[in-house]
Amino acid sequence: MHLSFSAEAIQEGCPKWEQAISREHRLYEHGGQIRGEFERDFTRLLHCTAYRRLKHKTQVFFAPRNDHVCTRMEHVGHVASVSTMIAKYLGLNVDLTQAIAIGHDIGHAPFGHAGEEILNALMCHVSDVSAPRKFWHERNSLFFADYIETLQDPNSLEQPLNLTYAVRDGLICHCGEVDEQGLKPRETACKLYDIKQPGQTAPYTWEACVVKISDKIAFLGRDIEDARAYHILDMGSYRQLREIVASTLGYPSAAGNGSGTRSGRAVNTTVLINDMVTDLCNQSTPEIGLCLSAPYFKFLKALKQFSNANIYKHWRLQEFQKYAEEVLGCIYRVLMKAQVYAENGNLEKYLRYVPKLSATFCDWIIKYTGYDKQKKEILHYKTEDVFNIHDRASWEKCVIEYISGMTDQFAIDVFKEIVSF
């Protein structure tokens, strides 16, 4: 280990320490505390509902029934593994890195990035279409951490997570879709909800930068592996992949053995992650930032282009996306019509024929609005009124956030419940 970033780590005494561990609200204490600030954030995220639901949310392939195909939770585990390995080698704060990694996708919509685009498009129906994106999952992860997710305190009251600034910053700034070399953190703190677009603001810490680049490293190899399992990639695609390896990294294409190898070594998830992580750790310095060597950076971009062309835009995924549009659109329309019934106190009556939707959405409304303050008190919900049921824009956000918390299969079940007679 060369620990070349150890002087940059978020640790007690560093210039960013006090800001990094600051919290918006008082955090309840358990007593006899043996965990550090970021360890506490890690366990809070690990135990929250949104994290648990990631095991039934799409990574690439929708509502997967194959136990061996990657889900959103498995992806988060990959990012945590990659990022903590890098942080440990470079001498950064591993606890902070783990906390950001484990929570970075808690605001992801069902049906993956397709679901994200669908929800954003739905919001434009009653919003200013010229405004910036209304729904993007990085900001939604921060919103869920701040306003939606709760855990019981020692008095059995449901309290918000109250995460540290450094972890919250890592959630909203984790976008791994932008191709960058020499990634460095920004110097000053900012109001996180002033960030209006994904990928436009550098994280506040080196640890969050590590998660940001690990997000990209983790998914590309695994997506190829899963595409093979679903027969998305044909032999022509395999040949193209071998040529990418040969042209960018200079390895033999091994055209005769069909494996896409480097001297007999297969191009798969473990190989891709190992090679890119090793290269990143060897190339990065505090002076130039987190970066890959020129060949590996070229390879990463080529691999991403390959996946876009051969996997993410495959006709089978596009056909399912049309189904996902109908599923989420139907739920959205039904719940948008529910506003007048909520205002009149008749929400349960309106939703009585859709029991799954009724039970969960009514509980959502009680927990996050002023719909039934007495029941809210009985249920020990100490959440503020996040949404206003009498305001159309606020009601729409309430509906969108509720839908975004669904798992793939639950959304499909609710859709079938709505359209069945």
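Residues numbered from 1 in each chain as written. Predicted model: local features only at pLDDT ≥ 70, side-chain atom pairs only at ≥ 80, totals over all residues. Heavy atoms only, no water.

**Remarks on the packing of helix α5 (residues 94–103) against helix α9 (residues 206–229)**
Which entries qualify depends on this criterion: To define axes, lines are fitted to C-alpha atoms, for helices over the stretch in contact only, and angles between the resulting N-to-C directions are given on a 0 to 180 degree scale. Secondary structure elements follow DSSP: runs of H or I of four or more residues count as helices, runs of E of two or more count as strands, with numbering from the N terminus. With respect to orientation, any angle under 35 degrees is reported as roughly parallel, any angle over 145 as roughly antiparallel, any angle of 65 to 115 as roughly perpendicular, and every other angle as oblique. Here a crossing is taken to be left-handed if its near helix is turned anticlockwise relative to the far helix by less than a right angle, and right-handed if that turn runs clockwise. The contact definition used throughout considers only heavy atoms, calling two residues in contact when any of these lie within 4.5 Å.
Between α5 and α9, the shortest axis-to-axis distance is 9 Å and the interhelical angle comes to 45 degrees. Comparing their axes, α9 and α5 come out oblique. The interaxial crossing formed by α5 with α9 has right-handed handedness. Here Leu 96, Thr 97, Ile 100 and Ala 101 of α5 come into contact with α9, specifically with Glu 207, Ala 208, Val 210 and Val 211.

**Some remarks on the confidence of the model for the chain**
As a reminder of what qualifies: Each residue carries a pLDDT score, the predictor's own confidence in it, on a scale running from 0 to 100.
The predicted model of the chain averages 88 in pLDDT, with 90% of residues at 70 or higher. In this model residues 127–131 is a low-confidence stretch, pLDDT under 50, and it forms 4 contacts with partners more than four residues away in sequence or in other chains. Overall, residues 254–264 carries pLDDT values under 50, and its contacts beyond four positions in sequence, including any with other chains, amount to 20 contacts.

**Concerning the pattern of salt bridges**
Opposite charge on two side chains permits pairing when their charged atoms draw close. The condition that has to hold: In the sections that follow, a salt bridge refers to a side-chain nitrogen of Lys or Arg positioned within 4 Å of a carboxyl oxygen of Asp or Glu. Whether a residue is buried, partly exposed or exposed follows from its accessible area with a 1.4 Å probe, protein chains only, as a fraction of its type maximum: under 20%, in between, or over 50%, in that order.
Counted under the stated rule, the structure contains 15 salt bridges. When the shortest N-O distance is used, the salt bridge between Asp 41 and Arg 23 registers 2.8 Å. Separated by 18 residues along the polypeptide, Asp 41 in helix α2 (residues 37–47) and Arg 23 in the loop between α1 (17–21) and α2 bring together distant segments of the chain. On the basis of relative accessibility, which here comes to 0%, the residue Asp 41 falls in the buried class. Among the ionic pairs, Arg 72 bridges to Asp 105, the shortest N-O distance being 2.9 Å. Residue Arg 72 is found in helix α4 (residues 72–90), and its partner Asp 105 is found in the loop between α5 and α6 (112–123); the two are separated by 33 residues along the sequence. Each member of the pair, Arg 72 together with Asp 105, is buried.

**Observations regarding the nonpolar core**
Quick note on the threshold: In this text, buried Ala, Val, Leu, Ile, Met, Phe, Trp, Tyr and Cys residues form a nonpolar core when linked through side-chain atoms within 4.5 Å.
Formed by 125 residues in total, the largest nonpolar core has its most connected members in Leu 290, Leu 357, Phe 361 and Trp 364. Trp 136, Leu 142, Cys 173 and Tyr 204 belong to the second-largest nonpolar core, a separate cluster that totals 8 residues.

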